[in-house]
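# Tertiary structure, described
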Amino acid sequence: MIHRFYRSAPAIAAALVLALAIPVAITHSDAAQSPLLTMRNGIPSLAPLVERVAPAVVNVGVKTRVDTSNNPLLNDPLFRFFGGPRNNRPQERSSGGSGVIVDAKKGYVITNHHVVNGATEITIRLKDRREVTAEIIGSDEGTDIALLKIEANNLTDIPIGDSQSMKVGDYVIAVGNPFGLADTVTTGIISALGRSRLNLEGWEDFIQTDAAINPGNSGGALVSLRGELIGINTAILGPNGGNVGIGFAVPTTMVKAVMAQLIEYGEVRRGQIGVVIGDLTPELAQSLDVDETQGAVISRVQPGSPAEEAGLKTGDVVTQFNGETLRGSNDLRNRVGLLTIGTTVELTVVRDGREQDIKVTIGNPAQQTVERVQDRPSLAGASFSNPDSDSRVQGVVVSSVERGSPAYQMGLRAGDIIVSVNRQDISDVEEFTEAMDGDKQAALFINRNGEDILIVVQ
């Protein structure tokens, strides 16, 4: 089970891991290259590194208001008589996580979207115990990244490193406030790169690490032995919400792109090129006469899209993006989705066994939306839209569902992707409404967080 870190929470610094693992990583040559690594009486130590980066990792305290008006017990006078709340006013809740100061002069703090989502008040607690109020510059649910700003003197920041330069097996440290235990430091290695399709966020390219991280580490720092920030800790994989040696961090390549747009616009304005894409498999590579083993296959080009205007075609295999090799469809989707609208990129594609470079300009996402589908009262309360950017899954997005509505009771949920109606594939809202025309019952095949679901609509 995947867990995001919604509350403050602890972990004990891994002294044994440090003693056993780091000696291999630190040599006298390494220590000479970096003042953050040292040998103390012949014993390797990360103390200088921790002393440098720890002041830049802060505690993020959040207050939110929770609507209790839908609680039926509040309308029961007997419940109120026996000590229940005497009104249904929104209740205030406190939670917390971690954050990282990335610009001391401007007071910029990076954390997770889910840490500050719905916040009415945010308080940053610094290592020197000062407490300052933070404002949200912008927050992006898709990448789970939020940018805060504080006003304070003598701040310490962490330089942002290049996460793409990291390799599986590189040593890292995680700094945060697990279970509310401030300034907790743990060590480990990068155990995988480019993790995606974990059903966490809309835009996934996670760094996987075995450095012990737990609830409350959300928004904390994943740091290289150079003392550079290479990821923002975001989620863990575990049966009970605790550390089992598998954690995930948003890489700084993604963080920097999101941060730039949040500073400029206060939001991430994602564009698209107008294609439906899938991964290149060995079978597809053989049938498409492609020697490559990695890339994204274009399964559909939307009419009138930037992709069509640039000359991209169904069956093209995209192998490079601005000269860099693509790992797969998720890699292409992330790169396009994090660029500002109007940016021109160069795609290397293989078509009919020949390689060619095609320039395409990132365009605005399609905004086709429908609130009602013909005369289907069973779908009342739901709205449907085209994917707002290049998608791995072809279909129509259920953009919202009103709780308690006929559509909700039918089983639809926001974020569902309707792939087909009565086994007829659909690719946009127009095809969906046409397929739903008539009074016969319809079988909706839905992709929900990677799982296939069938819902029959009367």
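Definitions and limits used
- Residues numbered from 1 in each chain as written.
- Predicted model: local features only at pLDDT ≥ 70, side-chain atom pairs only at ≥ 80, totals over all residues.
- Heavy atoms only, no water.
- Buried < 20%, exposed > 50% of the residue type's maximum accessible area, 1.4 Å probe, protein only.
- Helix = DSSP H or I, 4+ residues; strand = E, 2+ residues; numbered from the N terminus.
- Contact = heavy atoms within 4.5 Å.
- Phe/Tyr/Trp six-rings, centres within 6.5 Å; stacked < 30°, edge-to-face > 60°.
- Core = buried A, V, L, I, M, F, W, Y, C linked by side-chain atoms within 4.5 Å.

### Re helix H9 (residues 329-337)
A large share of H9 lies buried, amounting to nine of its nine residues. Looking at H9, one finds that the buried residues are Ser329, Asn330, Asp331, Leu332, Arg333, Asn334, Arg335, Val336 and Gly337. Turning to H9, the residues buried within the fold contact helix H6 (252-265), strand S16 (275-279), strand S17 (296-301), strand S18 (317-321), strand S19 (324-325) and strand S20 (344-351).

### Quick word on the environment of Leu49
Mapped onto the elements, Leu49 comes out in helix H3 (residues 47-53). In this structure the C-alpha to C-alpha distance between Leu49 and Arg226, which are 177 residues apart in sequence, comes to 8.0 Å.

### Points about the packing of aromatic side chains
One pass over the structure, following the stated rule, counts two aromatic pairs. Centroid distance Phe206 to Phe248: 5.9 Å. Interplanar angle 55 degrees. Geometry classified as tilted. Of this pair, Phe206 sits in strand S12 (residues 206-209) while Phe248 sits in strand S15 (residues 247-251), and the two are 42 residues apart along the sequence. Each member of the pair, Phe206 as well as Phe248, carries the same accessibility label: buried. When the centroid spacing of 5.0 Å and the interplanar angle of 55 degrees are considered together, the rings of Phe384 and Phe432 count as tilted. Here the residue Phe384 occupies a position in strand S23 (residues 382-385), and Phe432 occupies one in helix H11 (residues 429-435), the gap between them amounting to 48 residues.

### Quick notes on the nonpolar core
Judged by nonpolar contacts, the single largest core of 49 residues is most densely connected at Val60, Ile124 and Ile158. Apart from residues no more than four positions distant in its own chain, Ile124 is found in contact with Val58, Asn59, Val60, Arg130, Glu131, Val132, Ala134, Leu148 and Ile150. With 20 residues, the next largest nonpolar core counts Val396, Val398, Val429 and Met436 among its residues.

### A few points about unusual backbone geometry
The residue Arg129 is not glycine, and still its phi comes out positive at about 75 degrees. For Arg129, a relative accessible area of 65% gives the class exposed. Even without being glycine, Asn422 reaches a positive phi, approximately 50 degrees. Here Asn422 shows up in the loop between strand S25 (417-421) and strand S26 (424-425).

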